Amino acid sequence: MTSPTVRRRRLSAELRRRRVQAGMTLSDVADVLEWSPAKLGHIETGIRKWPSVMEVSALLKLYGVTGGQREAILTLVRESRLRPWWTEYEDVLSSAYVGNEAGAVAIDTYAGILVPDLLQVPEYTALLARAQGRGERSAERMVAAYLKRQEALDRDTLWRYHAVLEEDALRRVSGDPDLLHAQLRRIVDLQRGNDRVTVRLLAASAGPHAGSAGPFTVLEFDEDEASLAYVDAPHGGSIVESEEGVHGCQEVWRRLNEIALTPEETLTNLKRLSLLT
């Protein structure tokens, strides 16, 4: 089963589609069910995250959805209401992003001056947490959450994980040879041993480039569901759903890949950076 977050978004889209098929407006439905238009709008946009089986049953009855189609949608409701593991770590990660990451079939990511989250070794994550001003307990929780997220790289439902990695992100930890070696070893091992994972190094000599605006990730989903982007920021990142916004991130991604080293060149350079053999 895919992520409850993805199920909720899929449910919202399906309910919106069924209403349109029934030829009804938000106001029409709200009048019949004696709901506020805002309540229905929240359900259809996913702002209200957990509509009940009873509420959705009322909508489906009004829209004339019966039989197997009705049961399939109600199953979607039940699955969307499950409490996933990442809700236990909302103090150290973005639940909205991780919920989508957990259901993505393809992940393309650029993390700027940091090593991408799913590639980090625990020591790097802990160092990053402390740099953000977190205490030791919070840093430990962040490490635990990131390790759990990294299990996504072994999901059968993940088709592709591609990362563009700044050489400068590695050089920033060059003062700690043991940490640098461990981080490089993890990236090299993933590149060699996991067919889903591709890492491409962006050399410092590349100069200013399209990714200078900041880190972002593009997530793709199955079942013809629209892609999303996540744009990171110091005050907290944001999910980008508009077609134009996602396309903009995809265009930056394409331009980064034009100047990044090939996977083979990346392996050679990573081994050179840490004198790996």
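Residues numbered from 1 in each chain as written. Predicted model: local features only at pLDDT ≥ 70, side-chain atom pairs only at ≥ 80, totals over all residues. Heavy atoms only, no water.

### Observations regarding helix α12 (residues 263–274)
Given 3.6 residues per turn, any residue in an α-helix points the same way as the ones three and four places further on. With twelve residues, α12 extends 17 Å between its outermost C-alpha atoms, agreeing within 8% with the 16 Å of an ideal straight helix rising 1.5 Å per residue. Here the buried face of α12 lies against α9 (167–171), α10 (177–193) and β3 (197–202). (Helix = DSSP H or I, 4+ residues; strand = E, 2+ residues; numbered from the N terminus. Expected span 1.5 Å × (residues − 1). Contact = heavy atoms within 4.5 Å.)

### Brief notes about the nonpolar core
Counting residues in each nonpolar core, the largest one holds 44 residues, and the members touching the most others are Leu119, Tyr161, Leu165 and Leu170. Counting residues per element, this core draws most heavily on α10, at six residues. In this structure, Tyr161 is in contact with Ile107, Thr109, Pro116, Leu118, Leu119, Leu153, Arg196, Val197 and Thr198, ignoring residues within four places of it in sequence. Core analysis: the next-biggest nonpolar cluster, separate from the first, contains 16 residues, Leu15, Val29, Leu60 and Val65 among them. (Core = buried A, V, L, I, M, F, W, Y, C linked by side-chain atoms within 4.5 Å. Buried < 20%, exposed > 50% of the residue type's maximum accessible area, 1.4 Å probe, protein only.)

### Points about the sheet that holds strand β2 (residues 160–166)
Spatially, six strands are ordered β3-β2-β1-β4-β5-β6 in an open sheet, and the strand pairing comes out mixed. Looking at strand neighbours, the two that pair on one side only are β3 and β6 (238–240), the edges of this open sheet. With strand direction ignored, the average angle separating the axes of adjacent strands in the sheet is 15°. Where strand β5 (residues 228–231) lies against β6, three bridges are found, and the strand directions are antiparallel. (Pairing = 2+ DSSP bridges. Axes fitted to C-alpha atoms, helices over the stretch in contact; angles between N-to-C directions.)

### Structural notes on the packing of aromatic side chains
In this structure the tally under the stated criterion is four aromatic pairs. An angle of 70° between the planes, with centres 6.0 Å apart, marks the rings of Trp85 and Tyr89 as edge-to-face. With a relative accessible area of 26%, Trp85 lands in the partly exposed category. Seen in terms of ring centroids, Tyr110 and Phe216 are 6.2 Å apart; in terms of plane orientation they differ by 45°. Their pairing is tilted. In this pair, Tyr110 is assigned in strand β1 (residues 106–110) and Phe216 in strand β4 (residues 216–220), connecting sequence segments 106 residues apart. The pair formed by Tyr110 and Phe216 is uniform in burial state, with each residue classed as buried. Within the aromatic cluster, the residues linked to one another by ring pairs are Trp85, Trp86 and Tyr89. The positively charged end of Arg9 is found above the aromatic ring belonging to Phe221, 4.6 Å away from the centroid. (Phe/Tyr/Trp six-rings, centres within 6.5 Å; stacked < 30°, edge-to-face > 60°. Lys NZ or Arg CZ within 6 Å of the ring centre and 35° of its normal.)

### Some remarks on the pairing of β4
A regular strand places its side chains on the two faces of the sheet in alternate fashion. Taking burial as the measure, the five residues of β4 include four buried ones, the bulk of the element. As defined by bridge partners, β4 adjoins β5 across four bridges and the pair is classed as antiparallel. Considered in β5, the bridge of Thr217 is made with Tyr230.

### Some words on the confidence of the model for the protein chain
Taken over all residues, the pLDDT of the protein chain has a mean of 91, while the share at 70 or more is 97%. At the level of individual helices and strands, the protein chain shows its lowest average pLDDT in helix α3 (residues 37–45), which scores 87, and its highest in β1, which scores 98. (pLDDT = per-residue confidence, 0-100.)

### Quick look at the pattern of salt bridges
Counting across every chain of the model gives 23 salt bridges. Among the salt bridges present, the one from Arg7 reaches Glu79, with a minimum N-O distance of 2.9 Å. Taken together, the residues Arg7 in helix α1 (residues 4–21) and Glu79 in helix α5 (residues 67–80) connect sequence positions 72 residues apart. Relative accessible area serves as the criterion here: at 14%, Arg7 is assigned to the buried category. Among the salt bridges present, the one from Glu225 reaches Arg10, with a minimum N-O distance of 2.9 Å. With Glu225 in the loop between β4 and β5 and Arg10 in helix α1, this residue pair connects regions lying 215 residues apart in the sequence. You'll find Glu225 and Arg10 in the same group, each marked buried. (Salt bridge = Lys/Arg side-chain N within 4 Å of Asp/Glu carboxyl O.)

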